[in-house]
Amino acid sequence: MRKVTIVGLGPGNADLLTLGAVKAMQNTSCLLLRTGRHPTVEELERLGLSFLTYDEVYETESTFDAVYQTIVLDVLRRAEAVDVVYAVPGSPVVA
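Attention in this report is confined to the structure presented alongside it. Not measured: the values here are computed from a predicted model. (Residues numbered from 1 in each chain as written. Predicted model: local features only at pLDDT ≥ 70, side-chain atom pairs only at ≥ 80, totals over all residues. Heavy atoms only, no water.)

If you look at the biggest cluster of nonpolar residues, it comprises 13 residues, and the most contacted ones within it are M25, L31, L44 and A87. Those elements that place two or more of their residues in this core are α1 (19–26), β2 (31–33), α2 (41–46) and β4 (84–88). The dominant element in this core, judged by the number of residues it contributes, is α1, at three residues. Aside from chain neighbours lying at most four places away, what touches M25 is V7, L9, L17, L31, L44, L49, V85 and A87. Counting residues in each nonpolar core, the second largest holds eleven residues, with C30, V57, V67 and V84 among its members. (Core = buried A, V, L, I, M, F, W, Y, C linked by side-chain atoms within 4.5 Å. Buried < 20%, exposed > 50% of the residue type's maximum accessible area, 1.4 Å probe, protein only. Helix = DSSP H or I, 4+ residues; strand = E, 2+ residues; numbered from the N terminus. Contact = heavy atoms within 4.5 Å.)

Attention shifts here to a nonpolar patch on the surface. A cluster of nonpolar side chains, namely M1, V4, I6, V72 and L76, defines an oily patch on the protein surface of about 450 Å² accessible area. Secondary-structure elements contributing two or more residues to the nonpolar patch are β1 (4–8) and α4 (64–79). For V4, the location among the structural elements is in strand β1. (Patch = residues over 30% accessible without salt bridge, like charges linked within 9 Å, V, L, I, M, F, W, Y side chains within 5 Å. Areas by Shrake-Rupley, 256 points an atom, 1.4 Å probe, with all protein chains shown as cover. Salt bridge = Lys/Arg side-chain N within 4 Å of Asp/Glu carboxyl O.)

A separate point is α1. Within α1, burial applies to A21, V22 and M25. Along the axis of α1, the buried positions cluster into a sector of 100 degrees, meaning they face one direction only. Check the buried side of α1 and you find it contacts β1, β2, α2 and β4. (Arc of directions from axis to C-beta.)

Rendered as structure tokens:
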């Protein structure tokens, strides 16, 4: 198992991203976003970052428990081969 780093995309304004979060997202070959439906994502695109989102999981699973279980399993599967940065809306230490 490789390393999984969880970072926050902040409350919505890209100016509120932490420097640590930006560096982590810039220095990974596997950037995963819980959702691409966040105002900060536009800034990530401007920075030229490549990422995958889990938006389709929200549309295919019937409960939030199923959504989060599917996401966790995929993040862990990917982390078997490479270090992963998983970005969530807000802060990863709140809720």
